[in-house]
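# Examination of the molecular architecture
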Amino acid sequence: TGSAVVVLYLVQVLLLAGIGTAIGLVAGAALPFALAGAVGALVPLPLAPSLHPGELLVAAAYGVATALAFALWPLGRAHDVPVAALFRDAVAPEPRWPRRRYIVATALAVGALAALAVGFAFDREVAFIFVCAAAAVLAGLRLVATGVMLAAARLPRPRSTVARLAIANIYRPSALTPTVVLSLGLGLALLVTVALIDGNLRRQFVASLPERAPAFYFLDIQQDDADRFAAFVAARAPGARIDRVPMLRGRIVAVKGVSAQDLKPSPQAAWALQSDRGITYAATVPEGSRVVAGAWWPPDYDGPPLVSLERRIAEGLGLEVGDALTVNVLGRDITAQVANLRAVDWQSLGINFVLVYAPGAFRGAPHTAIATLTYPNGASEAEETALIKAVAEAFPGVTVVRVKEALEAVGTLVGNLLVAVRSASLVSILAAVLVLGGALGASHRHRVYDAVILKTLGATRRQLLAAYALEYLALGVVTAVFGVIMGSLAAWYVVAEIMNLRFVWLPASALVAAAGAVVLTVGFGLAGTVTALSQRAAPVLRHR
């Protein structure tokens, strides 16, 4: 019966899945110990690998859920396939939906897989976004594959036998189009995403920032020493530019009359409420800022307190122009009206603040100053070291921050992070390659049969190789185009919307990944085709 067939093969699938899961658990549990022995000395933190039964159980659950998610649907179709249709299914499979119970079981298995990914993640929101994005990309890839097959079926028949055969292979029954597009598309999209994020971070944090960043930050300059300090530094760094602004510290205590403790800010703006913030006052728009809403106050403004906010923080706190913001400064609550919102170029590393007040708000209040020193053409190591020593001797209370050292630390941190992300993406690419190889291996029997029939009808080995190469090339190009587009969009979202950095599309990074996908598709496809073409015709025809 159909039910007996489903149970028989479901048990077989679960047994094989159990063996595969056991192999994966052993390999995964052993890998941390192997890495600790191989690269433990290179990591600045002590590595103490150990076995965690809970994580191993979660991994085993992933294996079982994955097997069920991919097995239930085709087994459900097999439940009602007539015996006579089985013979036709090898060359002309009929579109058939399984019974409702198998559809529900498949949905439950897929839901369990997604629930595992989200429920056991450190950040469930990020995991949920990833699951939804992966599902959307897979759905998009399936639509792309369907669109390619429909487009190939409607193309005019070319005169070339090779081209005609290649196009027919793209949309024929049991075509490899959905398999190739699905297996490589998601991995390629991830690889392009990582490559573009990598390139943008390196360009902005390692390449472009040192060219325009100040050489030093000077903190805690006392109000009475500010002019003397500026003259002292100018005498020892002639030609360098000194920027100096007053600085106070305050904590946001209320927004539009609502206590900060009762607010529900966006994740990107929550940090603004967690501790004291640096604030300043200015008569004109600070360098590196531009007003995007409202208007700046006149230079001689002398009225009720006004404040200018960084745009993203204001949006995260629900503030608009005209709203009230209360900040506690030196033990006193100061309520100011939001006069304007600013877009700030934080990448310039110049002096800028989230909160900038009109000068009258803090008239007479004690405060310190913060200053930057920028060399127009850079300075030598000896000149910078001499300046640090001179400032330390003359102004022992001033804190000197050398920007070059901070940038080097950031560059090292970003580099290590990207190495980890690239390593994780390579695992996904490896999985995609294995899926592609398995799919091509599963279709090997069909390729052998096609090759034998075509050779019997007079096709030459060169014609078949050229047709298959053209087919795989077309599939690889389509997959590469989709992967580049989706990966570029994902990278833009991460860089621009999450990291709040300026995104630049780097064609070299994207095109290298795309070229690799095309080469991989053609190489894998032809590797299986060569063996198919070497089969003798008589045994294959007798077997059929």
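Structure: see above.
Residues numbered from 1 in each chain as written. Predicted model: local features only at pLDDT ≥ 70, side-chain atom pairs only at ≥ 80, totals over all residues. Heavy atoms only, no water.

### Observations concerning the side chain of His79
Condition: Segments assigned H or I by DSSP are reported as helices when at least four residues long, segments assigned E as strands when at least two residues long, and all are numbered from the N terminus. Whether two residues are in contact is decided by their heavy atoms: any pair within 4.5 Å suffices.
Position of His79 relative to the elements: it lies in helix 2 (residues 53-79). In contact with His79, other than residues within four places in its own chain, are Gly2, Ser3, Val6, Arg99, Arg101 and Tyr102.

### Topic: the environment of Ala361
Tracing the chain through its elements places Ala361 in the loop between strand 9 (355-357) and strand 10 (368-374). Here Ala361 is in contact with Pro305 and Ile334, once residues within four sequence places are set aside.

### Examining helix 4 (residues 100-119)
Defined as follows: The span you would expect from a helix comes to 1.5 Å times its residue count less one. Here the term buried applies to any residue with accessible area under 20% of the maximum for its type, exposed to any over 50%, and partly exposed to those in between, with areas from a 1.4 Å probe on protein chains only.
With 20 residues, helix 4 extends 27 Å between its outermost C-alpha atoms, agreeing within 8% with the 28 Å of an ideal straight helix rising 1.5 Å per residue. Buried residues of helix 4: Tyr102, Thr106, Ala109, Leu116 and Val118, and no others.

### A look at helix 13 (residues 461-498)
The end-to-end C-alpha separation of helix 13 is 53 Å, in line with the 56 Å expected for 38 residues at 1.5 Å each. One or two steps after helix 13, the chain reaches Asn500, where phi turns positive at roughly 60°.

### Some remarks on the packing of helix 5 (residues 124-154) against helix 6 (residues 161-171)
Geometry of a packed helix pair, given as the angle between the helix axes and the separation of the axes. We count it as follows: Lines fitted to the C-alpha atoms define the axes, with helices restricted to the stretch that makes contact. Angles between their N-to-C directions range from 0 to 180 degrees. Any angle from 65 to 115 degrees is called roughly perpendicular, while one under 35 is roughly parallel, one over 145 is roughly antiparallel, and all others are oblique. By definition, turning the near helix anticlockwise from the far helix through less than a right angle yields a left-handed crossing, and turning it clockwise yields a right-handed one. Each residue is assigned to one of three groups, with Ala, Val, Leu, Ile, Met, Phe, Trp, Tyr, Cys and Pro labelled nonpolar, Asp, Glu, Lys and Arg labelled charged, and all others, Gly among them, labelled polar.
Between helix 5 and helix 6, the shortest axis-to-axis distance is 8 Å and the interhelical angle comes to 140°. Comparing the axis directions of helix 5 and helix 6 gives the class oblique. Pair helix 5 / helix 6 crosses with left-handed handedness. Within the contact between the two elements, helix 5 uses Val148, Met149, Ala152 and Ala153 and helix 6 uses Ile167, Ile170 and Tyr171. Its residues assigned to classes, the contact of helix 5 with helix 6 comprises seven nonpolar, no polar and no charged.

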